[in-house]
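# Geometric and topological summary
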Amino acid sequence: PDDHAVFPAGERISSMAGPKLEPLGEGAHRFVGRHLESAIAWQLYADAATLMRAPKEAIIGGEGAVALAPGDPYSYLARAWACSVAGDRRGLLRDIDKAIEIDPTCVAAYADLGVVWEERDDDRALKAFHQCIALNPESAVGHFLLARTYMRLGRYQPALDHLSRTVALGAVSSSIYVRRAV
């Protein structure tokens, strides 16, 4: 078997040694090196690198996820946020749009799209967050993001309604607190 993963740009990363992942530590390096054939491992790696604001490593993870699972919208979402950390707004929007194209019912893609628009276009953000709720009325993330946007707009009653629904539904991922689009 080939001991390399081949990425779209032709770049090869050895599964024997794994990519250089110093900002995430040796544990992440060993994990991805052992699970190079797993798109989920690359998605998790891209997400971790994104949260740590390590653009080069985030892009490596996102490219690996897309190369191994081009039909999985979550691969494109991982690469989208890597693009954000790298300052590539066009790539961010391209990959979120691709995730929606692959799966028009992907709640996470609409949540991410809303986060992209949150600081620039409230109407687009609200539309995307409402799409989350339309696709899954039990989406705690969708309700939380609506509450946050309505609160920022001074629309307190809908904000409280969605916040109450968020609490009733349960936990919300901490990553939505730190993701910020370029």
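Look up: the structure comes first, before these words.
Presented here is an overview of the structure given in this document. Note that the coordinates shown come from a computational prediction; the quantities given were computed from them, not determined experimentally. (Residues numbered from 1 in each chain as written. Predicted model: local features only at pLDDT ≥ 70, side-chain atom pairs only at ≥ 80, totals over all residues. Heavy atoms only, no water.)

## Observations concerning the packing of helix H6 (residues 107–118) against helix H8 (residues 140–152)
- Relative orientation of the contacting elements H6 and H8 amounts to 15 degrees, with a least axis distance of 10 Å. With respect to H8, the axis of H6 lies roughly parallel. As for the relative orientation of H6 and H8, their crossing is left-handed in sense. Contacts from Ala 111, Val 115 and Glu 118 of H6 reach H8 at Val 141, Leu 145, Arg 148, Thr 149 and Arg 152.
- By residue class, the composition of the contact of H6 with H8 is four nonpolar, one polar and three charged. (Axes fitted to C-alpha atoms, helices over the stretch in contact; angles between N-to-C directions. Helix = DSSP H or I, 4+ residues; strand = E, 2+ residues; numbered from the N terminus. Parallel < 35°, antiparallel > 145°, perpendicular 65-115°, else oblique. Left-handed = near helix turned anticlockwise from the far one by under 90°. Contact = heavy atoms within 4.5 Å. Nonpolar A, V, L, I, M, F, W, Y, C, P; charged D, E, K, R; others polar.)

## So, the nonpolar core
- Counting 31 residues, the largest nonpolar core has Leu 92, Ile 96 and Leu 113 as its most contacted members.
- Only helix H4 (73–85), helix H5 (89–102), H6, helix H7 (122–135) and H8 provide two or more residues apiece to this core.
- With eight residues, H6 is the largest single contributor of residues to this core. (Core = buried A, V, L, I, M, F, W, Y, C linked by side-chain atoms within 4.5 Å. Buried < 20%, exposed > 50% of the residue type's maximum accessible area, 1.4 Å probe, protein only.)

## A word on the environment of Pro 73
- Checked against the element boundaries, Pro 73 lands in helix H4.
- The exposure class of Pro 73 is buried, given its relative accessible area of 9%.
- Excluding its chain neighbours within four sequence positions, the residues that come into contact with Pro 73 are Ala 99, Ile 102, Asp 103 and Cys 106.

## Here's the deal with the packing of H4 against H6
- Viewed as axis vectors pointing N to C, H4 and H6 meet at an angle of 20 degrees, and their least axial separation amounts to 10 Å. Overall, the two elements H4 and H6 adopt an arrangement that is roughly parallel. Crossing of H4 against H6: the hand is left-handed. Contacts between H4 and H6 involve Tyr 74, Leu 77 and Trp 81 from the first element and Ala 108, Ala 109, Asp 112, Val 115 and Val 116 from the second.
- Of the residues in the contact of H4 with H6, the class split is seven nonpolar, no polar and one charged.

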